[in-house]
Amino acid sequence: MAEENVILKAEKGPNKRNIGRKKKKPETRAREYNSDKEEDESGPENGTEQDKEELRGGYSSEEAERNQKGQDDENFDDGFSGDEDEGDSEIQPGITKFTEGCRAFRMAFKSIIKKSVQDDGLGPVLSAHKKLVAKKLAEEEGERKIKGEAKKEKHLVGEKGHVKPVTYLDIHEKFLIDVASKGVVKLFNAVNKAQGAQKGLDPSRSKDAKVLRKRQKEALFSELGKTPASTVNTPAMVRASNGQVDVEAPAWAPLRDNYMLKNSKLKDWDKMPDTGVTDDVRRISEDSSSDDDD
Amino acid sequence: MARFRNKKRKAFVKPVVKKQHQASVDHITGDKIPKSFVFARGKLPGPLRQLQMDLRKLMLPHTALKLREKKRNNLKDFLNVAGPMGVTHFLILSKTPTAPYLRVARTPQGPTLAFKIQEYSLAVDVAKSQLRPRCPQDLFKNPPLIVLSGFGTGDQHLKLTTIMFQNIFPAIDINTVKLASCQRIVLLNYNKDTKLIDFRHYSIRLQPVGVSRRIRKFVQNHQVPDLRNLQDVSDFITKAGYGSESEADDEAATVTLATDLSRVNRASSKSAVKLQEIGPRMTLQLMKVEEGLCSGGVIFSEYGTLSRIC
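What counts, and where the lines are drawn
Residues numbered from 1 in each chain as written. Chains lettered and ligands numbered in written order. Predicted model: local features only at pLDDT ≥ 70, side-chain atom pairs only at ≥ 80, totals over all residues. Heavy atoms only, no water. UniProt positions renumbered as here; feature names shortened; annotations may be inferred. Helix = DSSP H or I, 4+ residues; strand = E, 2+ residues; numbered from the N terminus. Buried < 20%, exposed > 50% of the residue type's maximum accessible area, 1.4 Å probe, protein only. Contact = heavy atoms within 4.5 Å. Areas by Shrake-Rupley, 256 points an atom, 1.4 Å probe, with all protein chains shown as cover. Pairing = 2+ DSSP bridges. Buried area = accessible area lost by both parts, 1.4 Å probe. Salt bridge = Lys/Arg side-chain N within 4 Å of Asp/Glu carboxyl O. Polar contact = N/O pair within 3.5 Å; in protein donor to acceptor, adjacent residues only side chain to side chain. Phe/Tyr/Trp six-rings, centres within 6.5 Å; stacked < 30°, edge-to-face > 60°. Arc of directions from axis to C-beta. pLDDT = per-residue confidence, 0-100.

Looking at an unreviewed UniProt entry, one finds chain B named Brix domain containing protein, with Parasponia andersonii as its source organism.

As recorded in an unreviewed UniProt entry, chain A goes by Rrp15p protein and comes from Parasponia andersonii. UniProt, in its Sequence similarities (unreviewed entry) section for chain A, records the words "Belongs to the RRP15 family."

Following this line, the structure appears as structure tokens:
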């Protein structure tokens, strides 16, 4: 059957050799694998003949070929010639005996186990590159250190002037709170005085409005008259009314020294005094209208 | 044939932006309300960015809380926006290798005061240092009061500083102001010896005086008190509570109210003024005063090199 196959396939040409190889016994395959020789040298027909001879155990006819083969092949043959002589024994050439391999493996494993490994951070695996790896790691470490320092420095620069306040109230803070609360008290008192004056009066009525304005003025003047002495004592300067800075300055804007100098509203200087009058007019007209409605 | 339209596609509807018309003029007194921008020049590190946010909160409500600046924005851009928006003051934070700086400028003409921030603490730090940080809901709804102390030494640059800081917040008309709206106070205290300005921000709280702590808490909290250990209900009132009651009765810090301020603080009852810091906290040093907006002749310099350009 096999030979028929060969003949049939021989017509196809290129596949022929493959078929021939297929027929090869494992021994030859192993040998060919180990040999450096190109397969082309041994033709398919030749190969089959050789195989048959090999099976019979005839080495004499192979001698010529053996000379062509490399040194490795010779060694291989020498090592396993005994096995091959027995013909189709259960152990095939090219594969080490199981017991032998086991022993070798055991020896090798034992030798590995016996090795005492240095207690290094690098470990035994990369021992070949130990120096290189160590160098690399050290370099990395150094780089990281530099980077960390740079980051820290940057952070420090960013945090410059940033202070976490203490949890207790120290003297300075207490003093500041005192100053601030004095200011608040002053303002609140001033507001109370001013707004207390207008209590019980209806600002929409013109008669009351007049009284109200008078009282307010009085209250303000009395407040202002009192404050200069207190400002000397206390450092706090509360903005008492209308954003006035100096408490000593008169309430009416034009009387102040810095009138029209502080806020340059020079362009509508003529409108300023009119507002009060127009306000009155409007208020009166509103009153009259409400009267009409009644 | 017409192509099938994507069903998801909708006509673009311009989102209706409710125009929050903030009056540029106080409706009662007719004074112009100062407004401010707080922004940074250059890149700020984290804590300083936080300080910028804190300053914005401090300047509320007449400031742009969510002002977004870009790297390429220059001062002119801000100035161009400031005009139509009625912004009168700029607070500019910047950072140098030596220290952070705060420039307070009046727009559009100046002057500009440059302060070196010697030390600062954020509002977060201040809150962390306190046992019970206080932040009522409507704390930032009204502008703060400002108290300037120790500036009356007669120096021109100090006078300018007082004017600048007084005009940065809306003026208070004592005849019309509601005391309930006075919730915060900004304090600037000038130290003559060190030439440093302490910048503090406190919340104002009024407490009725002459009432024991227990009763006050009972009225404020609406909680059923624990009476387990008491023999009689009267014990609850008569028994002296612990705590620093003596401290509360500081005569200097009490006010008599003309009108009802809250449920607890009634008219014609005495109330103690309690201040609690809300931060940020800064220690400033006036370094330079410039005539223009971050430009122009130097009116004052800390280093004494007065170079007046006329």
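That shown, we press on.
1. Topic: the overall build of chain B
Scanning chain B from N- to C-terminus turns up seven helices and eleven strands. Taken across its 310 residues, chain B has 45% of its residues classed as buried. Within chain B, residue pairs in contact and separated by at least 24 positions form 63% of the contacts whose partners lie at least 6 positions apart. Summing over all exposed atoms, chain B offers an accessible surface of approximately 18,000 Å²; the carbon and sulfur share of this is 53%.

2. A closer look at the pairing of strand 5 (residues 145-149) of chain B
Residues and elements named next belong to chain B. Strand 5 sits mainly inside the fold: five of its five residues count as buried. The sheet contact formed by strand 5 and strand 6 (residues 184-191) spans five bridges and is parallel. Among the inter-strand pairings, L145 is bridged to a residue of strand 6, identified as I185.

3. Re the interface of chain B and chain A
Listed as interface residues are 52 residues of chain B and, on the opposing side, 43 residues of chain A. Of the roughly 4,400 Å² buried at the junction of chain B and chain A (both faces included), carbon and sulfur atoms supply 60%. Taken as a group, Q166(B), I174(B) and N175(B) account for 15% of the area that chain B buries against chain A, more than any other trio of residues on that side. Counting across the chain B and chain A interface gives two salt bridges. Taken together, the connections running from chain B to chain A amount to eight residue pairs in polar contact (both at pLDDT 80 or more).

4. Comments concerning the packing of aromatic side chains
All names here are of chain B. Within this structure, the stated rule accounts for six aromatic pairs over all chains. Judged by centre distance (5.9 Å) and plane angle (10°), the ring pair of F37 and F90 falls under stacked. Taken as a pair, F37 in strand 1 (residues 36-41) and F90 in strand 2 (residues 89-95) lie far apart in primary sequence, 53 residues in all. Of the two residues, F37 and F90, neither departs from the other in class, the shared state being buried. Taken together, the ring pairs in this structure connect F37, F39, F78 and F90 into an aromatic cluster.

5. Considering the pattern of salt bridges
Opposite charge on two side chains permits them to pair, given that their charged atoms come into close proximity. Residue and element names in this part refer to chain B. For the coordinates displayed, the defined rule picks out seven salt bridges over all chains. In this structure, R56 and E69 form a salt bridge, with 3.3 Å as the shortest nitrogen-oxygen distance. Remark: E69 occurs in the loop between helix 1 (46-59) and helix 2 (75-85) and R56 occurs in helix 1; sequence separation between them is 13 residues. Note on R56: relative accessible area 3%, which makes it buried. E277 is the partner of R200 in a salt bridge, and the nearest nitrogen-oxygen pair spans 4.0 Å. Of the two residues, R200 sits in strand 7 (residues 196-208) while E277 sits in strand 9 (residues 270-277), which places them 77 residues apart along the sequence. Residues R200 and E277 agree in their burial class; the two are buried.

6. Here we look at helix 2 of chain B
Because each turn of an α-helix spans 3.6 residues, side chains separated by three or four positions in sequence point in the same direction. Residues and elements named next belong to chain B. Where helix 2 is concerned, the buried positions are L75, F78 and A82. In a view along the axis of helix 2, the buried residues occupy a sector of 60°, so they form one face of it. Those residues of helix 2 that are exposed and aimed more than 90 degrees away from the buried face are K76, N80, G83 and P84. In this structure, the buried residues of helix 2 make contact with strand 1 and strand 2. Looking one or two places after helix 2, you find G86, whose phi comes out positive at around 75°.

7. Remarks on the confidence of the model for chain A
Residue and element names in this part refer to chain A. Within chain A, residue pLDDT values average 61, and 31% of them lie at 70 or more. Taking the mean pLDDT of every element in chain A, the minimum, 40, falls on helix 11 (residues 272-293) and the maximum, 88, on helix 8 (residues 130-158). Note that residues 1-20 has pLDDT below 50 and, in this model, eleven contacts with residues that lie over four places away or in other chains. Per-residue pLDDT stays below 50 along residues 272-294; that stretch engages in seven contacts with residues further than four places along the chain or on separate chains.

8. Description of the pairing of strand 3 (residues 100-106) of chain B
Residue and element names in this part refer to chain B. By the criterion of burial, strand 3 is predominantly enclosed, with six of the seven residues buried. Pairing between strand 2 and strand 3: seven bridges, direction antiparallel. If you follow L91 over to strand 3, its bridge partner there is V104. Count of turn residues in the strand 2/strand 3 antiparallel hairpin: four residues. Both strand 3 and strand 4 (residues 112-121) contribute to a ladder of five bridges, which runs antiparallel. Bridge pairing in strand 4 links Y101 to K116. Linkage of strand 3 to strand 4, two consecutive antiparallel strands, is achieved through a turn of five residues, within which G110 is found at a positive phi near 105°.

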